[in-house]
Amino acid sequence: MSLKGKRIILGVTGSIAAYKAAHLTRLLIKSGAEVQIVMSTSALDFITPLTLSTLSKRPVLHQFQKDETGEWNNHVELGLWGDLFLVAPASANTLAKFAHGLCDNLLTATYLSARCPVMLAPAMDLDMYQHPAVRENLKKLQSFGNHILDAESGELASGLSGQGRMMEPEHIIERLDAFFSPKRDFLGKKVLITMGPTQEAIDPVRFISNHSSGKMGLSLANAFKERGAEVYVVSGPIALSVDQGQFHWINVRSAQEMFDAASSLHSKMDLCVFAAAVADYAPAEPATEKIKKSEDELTIHLKKNVDIAFSLGKIKKPHQLHVGFALETENEVQNAQSKLEKKNLDLVVLNSMKESGAGFQVDTNRVHIFHRNGTSVSSTTAPKEEIANLILDEIKKAPVWV
Ligand code: CTP
């Protein structure tokens, strides 16, 4: 069991679902985890510290000060102790405080101090869960990299029925288990990733480019690396801080340079992911000196760039698998699917510019993945690391892979 020896800070907040925290604690302890419970002040109205400290085999913390001696419960140390900070149930109120950096109790202070990954299991009434304020806060928390354990549907304490029930403790344990089990399912595979934008010189100081940040490509590179692959990255200019030493990393600027680097590696690869936002056109004749301001109008002639995915798709071997991206603003599904055929891809990942929390620059994404055999899968809006792992899971379903 991958939870053995893991240190879990379990935050419990004021919600009817607080009673489920007792069962969750039992399951965590049974799985071999160490559990330190921190309660919000209002959680005390729903479940007693005595119950939770007995089950967790540790004193429950809920205030800054330990006793009259003035000794304090050190939330900074606590934040460093945990391998995971899980808040279950997470009330609308606590989510709002987390989203806005409020720090009025030991639980919120621990959240701000925690360096470990954070998982939040919301629990509230269905209308509260759908309220734009709550949706915004959840989105914001996801953008901080927090993992949201989506509420489940069913009967609610209010008597209404719908989405809002805290995820069942058994399901939470499954999610934690998956989180802590390092899969090495790409061990021995060589993977090439093109990522970031390209820059096409107009003159020595100006260029044509796009808004790609490289975040999705980098999340993919990290996911492949974590899952055992040998990763080759050909990246356009990006502003992200990267530990390039973990990868075979090649920096390029233009589409032509990206193509040259990618094609020199292609024959050695098992898998190629074309995540770069390659400029389709480049100035036909970049000026060798800086263009001076003169006429009221300036015309720059553009010529079509090499299509990297298309060109390498033509020489793809039967054992090789190609994944492309499609960023569309209209006829999304149709355009994405036509790229599968045109570029000889096995999978295409569609980003829609119309979906909020998806696309360039943001830390989250929402994608639809189409396989060559006609099957498809859609993600929720999730951190790009999670989307990357979903793409890897889908790659493994492709016929080339099995
Ligand atoms: N791509 C590529 N080389 C190019 C253009 C695109 O390798 N010169 C790759 C991208 O990395 C992506 C896929 O092809 O995986 C689709 O890119 P996209 O820009 O959506 O499509 P285009 O082929 O450029 O077509 P259009 O811009 O007309 O939609």
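About the thresholds
- Residues numbered from 1 in each chain as written.
- Predicted model: local features only at pLDDT ≥ 70, side-chain atom pairs only at ≥ 80, totals over all residues.
- Heavy atoms only, no water.
- Pairing = 2+ DSSP bridges.
- Helix = DSSP H or I, 4+ residues; strand = E, 2+ residues; numbered from the N terminus.
- Axes fitted to C-alpha atoms, helices over the stretch in contact; angles between N-to-C directions.
- Contact = heavy atoms within 4.5 Å.
- Phe/Tyr/Trp six-rings, centres within 6.5 Å; stacked < 30°, edge-to-face > 60°.
- Buried < 20%, exposed > 50% of the residue type's maximum accessible area, 1.4 Å probe, protein only.
- Lys NZ or Arg CZ within 6 Å of the ring centre and 35° of its normal.
- Near = heavy atom within 4 Å.
- Polar contact = N/O pair within 3.5 Å; in protein donor to acceptor, adjacent residues only side chain to side chain.
- Areas by Shrake-Rupley, 256 points an atom, 1.4 Å probe, with all protein chains shown as cover.
- Nonpolar A, V, L, I, M, F, W, Y, C, P; charged D, E, K, R; others polar.
- Expected span 1.5 Å × (residues − 1).
- Arc of directions from axis to C-beta.
- Parallel < 35°, antiparallel > 145°, perpendicular 65-115°, else oblique.
- Left-handed = near helix turned anticlockwise from the far one by under 90°.
- Core = buried A, V, L, I, M, F, W, Y, C linked by side-chain atoms within 4.5 Å.
- Patch = residues over 30% accessible without salt bridge, like charges linked within 9 Å, V, L, I, M, F, W, Y side chains within 5 Å.
- Salt bridge = Lys/Arg side-chain N within 4 Å of Asp/Glu carboxyl O.
- Domains from an automatic or database assignment.
- Buried area = accessible area lost by both parts, 1.4 Å probe.

1. Examining the sheet that holds strand β19 (residues 367-371)
- With mixed pairing, eight strands are arranged side by side in an open sheet as β12-β11-β8-β13-β16-β17-β19-β20. Pairing within the sheet leaves two strands with one partner each, and these edge strands are β12 (248-251) and β20 (376-378). Within the sheet, the average angular offset between the axes of one strand and its neighbour, ignoring direction, is 15°.
- As paired strands, strand β17 (residues 347-352) and β19 are joined by five bridges and run antiparallel to one another. What sits directly across from Asn351, in β19, is Val367.
- Of the strands in this sheet, β8 (190-195), β11 (230-235), β12, β13 (271-274) and β16 (321-328) are in contact with helix α9 (residues 215-226), which crosses β8 at around 165°.
- Most of the contacts of helix α12 (residues 332-342) go to β17, to which it runs at about 150°, and overall it touches β16, β17 and β19.

2. Section: the packing of aromatic side chains
- Per the stated rule, a full pass over the model turns up four aromatic pairs.
- Here the aromatic rings of Phe247 and Trp249 are separated by 5.9 Å at their centres, their planes lie at 45°, and the arrangement is tilted. Take Phe247 and Trp249: they sit in the same class, and that class is buried.
- Across the ring face of Tyr129, the terminal group of Arg135 is positioned such that the distance to the ring centre comes to 4.7 Å.

3. Quick word on the side chain of Ser219
- Locating Ser219 in the fold gives a position in helix α9.
- Residues contacting Ser219, with those up to four places away along its chain left out, are Lys384, Glu385 and Ala388.

4. So, the site of the ligand
- Surveying the vicinity of the ligand reveals 14 residues, the closest of which are Phe274, Ala276, Phe325, Lys339 and Lys343.
- Take Phe325: an N or O atom from its main chain is 2.8 Å from an oxygen atom of the ligand.
- Starting from 570 Å² of accessible surface for the ligand in isolation, the protein chains cover 78%.
- In terms of residues, the shell around the ligand owes the most to one element, β16, which gives four residues.
- Split by residue class, the shell around the ligand holds nine nonpolar, one polar and four charged.

5. Re helix α8 (residues 169-180)
- For α8, which comprises twelve residues, the first-to-last C-alpha distance of 16 Å matches the rise-based estimate of 16 Å (1.5 Å per residue) to within 8%.
- Burial in α8 covers these residues: Pro169, Ile172, Ile173, Leu176 and Phe180. For α8, the arc enclosing every buried residue in end-on projection is 100°, short of the 170-degree limit, so these residues lie on one face. Exposed and oriented more than 90 degrees from the buried face of α8 are Glu174 and Ala178.
- Buried residues along α8 sit against β1 (7-12), α1 (18-30), β3 (84-90) and β4 (118-122).

6. Observations regarding the packing of α1 against helix α2 (residues 49-56)
- Two numbers describe how α1 lies on α2: the axes approach to 9 Å, and their chain directions differ by 10°. When the axis of α1 is compared with that of α2, the two are roughly parallel. Like other packed secondary-structure pairs, α1 and α2 cross with a definite hand, here right-handed. Contacts between α1 and α2 involve Ala21, Ala22, Thr25, Arg26 and Ile29 from the former and Thr51, Leu52, Leu55 and Ser56 from the latter.
- Split by residue class, the contact of α1 with α2 holds five nonpolar, three polar and one charged.

7. Points about the nonpolar core
- Grouped together as the largest cluster of nonpolar side chains are 33 residues, with contacts concentrated most on Ile193, Leu220, Phe224, Ile391 and Ile395.
- Contributing elements (two or more residues each) for this core: β8, α9, β11, β13, β16, β17, β19 and α13 (384-395).
- Counting residues per element, this core draws most heavily on α9, at six residues.
- Once residues within four sequence positions are removed from consideration, Leu220 is found in contact with Ile193, Val273, Ala275, Phe325, Ala388, Ile391 and Leu392.
- Ala21, Ile47, Leu149 and Phe180 belong to the second largest nonpolar core, which has 32 residues in total.

8. Thoughts on a nonpolar patch on the surface
- Where nonpolar side chains cluster on the molecular surface, the patch consists of Tyr281, Leu298, Ile300 and Leu302 and spans about 390 Å² of accessible area.
- Along the chain, Leu302 turns up in strand β15 (residues 302-304).

9. Topic: the sheet that holds β1
- Spatially, five strands are ordered β2-β1-β3-β4-β5 in an open sheet, and the strand pairing comes out parallel. Bordering the open sheet on either side are β2 (34-39) and β5 (147-148), each of which pairs with just one other strand.
- Summarising the sheet, β1 and β2 pair through six bridges and their orientation is parallel. Paired with Val12 across the bridge in β2 is Met39.
- Sheet strands touched by α2: β1 and β2. Its angle to β2, the strand with the most contacts, is close to 165°.

10. Digging into the domain arrangement of the protein chain
- Assigned domains within the protein chain: domain 1 (7-180) and domain 2 (190-284 + 292-395).
- Placing the centre of domain 1 and that of domain 2 at their C-alpha centroids yields a distance of 37 Å.
- At the boundary of domain 1 with domain 2, total buried surface from both sides reaches about 510 Å², with 48% on carbon and sulfur atoms.
- Of all residues in domain 1, the largest losses of buried area upon contact with domain 2 belong to Lys139, Gln142 and Ser143, amounting jointly to 66% of the total for that side.
- For the pair domain 1 and domain 2, the interface holds zero salt bridges.
- Summed over the shared surface of domain 1 and domain 2, the result is two residue pairs in polar contact (both at pLDDT 80 or more).
- Sorting elements by how many residues they give to the side of domain 1 that touches domain 2 places helix α7 (residues 132-143) first, with three residues.

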